[in-house]
Amino acid sequence: MPQLITTKPQLWALKLVIHGACLLPAIWLFYLAAIDDLGADPVKELIHFYGIGAVHCLFATLLVSPLSRWRKTPLLMRCRRMLGLYVAFYATFHILCFLVFEWQLQWIDVIDEVIRRPYITVGFIAWLVLMALTTTSLKLIQRKMGARWVQLHSLVYPAFALVLLHFYWSQKSPWNDALLYALAGTLLLYSKRKQLLAWVRLVK
Ligand code: HEM
């Protein structure tokens with residue numbers, strides 16, 4: 001099986017493609033919002049767009065290591081951190097749209113919503129975990145934390161499961177697109193069962 005990425009210029013080209021794929025849709029949406037062309041419910045449109053964007057980036061992040069192992073392409077692993085940062089970017093914008101446009105920063109109402117609606121509680125916990133991973137993703141912190149960094153970052157799997165649950169729960173009907181994502185996510189988590197078991201042992 002030929003390697004996918006073997007040289008530094010190929011890696012830079014791939015990184016450029018990833019930046020483009022992650023940033024261009026966000027810029028396009030900003031443009032649509034600016035010309036008032038986001039449909040009848042622009043706030044919902046924004047929340048959905050950033051939510052789905054975060055889920056896509058999370059899938060891409062988790063697929064990097066199996067792909068790199070399968071195609072024997074270690075250089076691919078250098079894209080994982082930037083994809084992880086895009087997860088944080090999209091998830092944070094998703095929440096900002098909810099806070100600013102849906103709730104106009106009415107903090108008491110927002111806290112009430114987080115407590116009262118289980119799907120929001122689950123999304124909030126997932127976001128807190130993703131933020132912990134993002135803020136500790138710097139190489140320097142990774143070196144300082146050593147083995148604890150690996151333990152902390154294995155929390156990405158439970159966070160991923162919570163995100164999929166939040167996605168499914170946020171839908172109005174039981175048969176929806178989120179089920180396909182949940183199925184793909186379950187397959188991905190199954191392929192990562194060793195890391196998941198390590199995480200279960202960690203919290204015991
Ligand atoms: C405090 C944290 C969060 C809040 C307050 C929140 C809020 C919401 C709301 C209000 C909806 C729309 C429900 C509707 O259709 O009426 C939603 C859907 C969604 N959220 Fe979140 N969310 C949070 C965290 C997350 C995170 C961390 C992710 C992903 C990494 C995420 C991904 C999604 C997805 C994929 C949808 C479904 C979008 C669609 O139906 O097209 N959310 N969330």
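Source: prediction; values computed, not measured.

Trainee: Explain the nonpolar core residue by residue, including any values.
Mentor: Ranked by size, the top nonpolar core spans 48 residues in total, and within it Leu58, Phe59, Tyr90 and Phe160 carry the most contacts. Every element with two or more residues in this core is listed here: α1 (8-34), α2 (42-70), α3 (80-102), α4 (107-116), α5 (118-135), α8 (156-169) and α9 (177-191). By residue number, the principal contributor to this core is α2, which donates 10 residues. When residues of this core are assigned to domains, at least three fall in each of domain 1 (1-102) and domain 2 (106-204).

Trainee: Lay out the domain arrangement of the chain with the relevant residues and their values.
Mentor: Along its sequence, the chain is organised into domain 1 (1-102) and domain 2 (106-204). The straight-line distance from the C-alpha centre of domain 1 to that of domain 2 is 17 Å. Between domain 1 and domain 2, the contact holds 19 residues from the first and 22 residues from the second. Carbon and sulfur atoms make up 78% of the area that domain 1 and domain 2 hide from each other, which totals about 1,800 Å². When the area that domain 1 buries against domain 2 is broken down by residue, the three leading residues are Leu58, Phe59 and Leu62, summing to 31%. At the boundary of domain 1 with domain 2, the tally comes to zero salt bridges.

Trainee: Which residues make up the state of the cysteines, and what values go with them?
Mentor: Scanning all chains against the criterion turns up zero disulfides. Of all cysteine sulfurs in the structure, the one in Cys22 sits closest to Cys79, which takes part in no disulfide; the separation is 11 Å. With no disulfide partner, Cys97 has as its closest neighbouring cysteine sulfur the one in Cys57, 15 Å distant. Owing to a relative accessible area of 5%, Cys97 belongs among the buried residues under this scheme.

Quick notes on the rules
Residues numbered from 1 in each chain as written. Predicted model: local features only at pLDDT ≥ 70, side-chain atom pairs only at ≥ 80, totals over all residues. Heavy atoms only, no water. Core = buried A, V, L, I, M, F, W, Y, C linked by side-chain atoms within 4.5 Å. Buried < 20%, exposed > 50% of the residue type's maximum accessible area, 1.4 Å probe, protein only. Helix = DSSP H or I, 4+ residues; strand = E, 2+ residues; numbered from the N terminus. Domains from an automatic or database assignment. Contact = heavy atoms within 4.5 Å. Buried area = accessible area lost by both parts, 1.4 Å probe. Salt bridge = Lys/Arg side-chain N within 4 Å of Asp/Glu carboxyl O. Disulfide = S-S within 2.5 Å.

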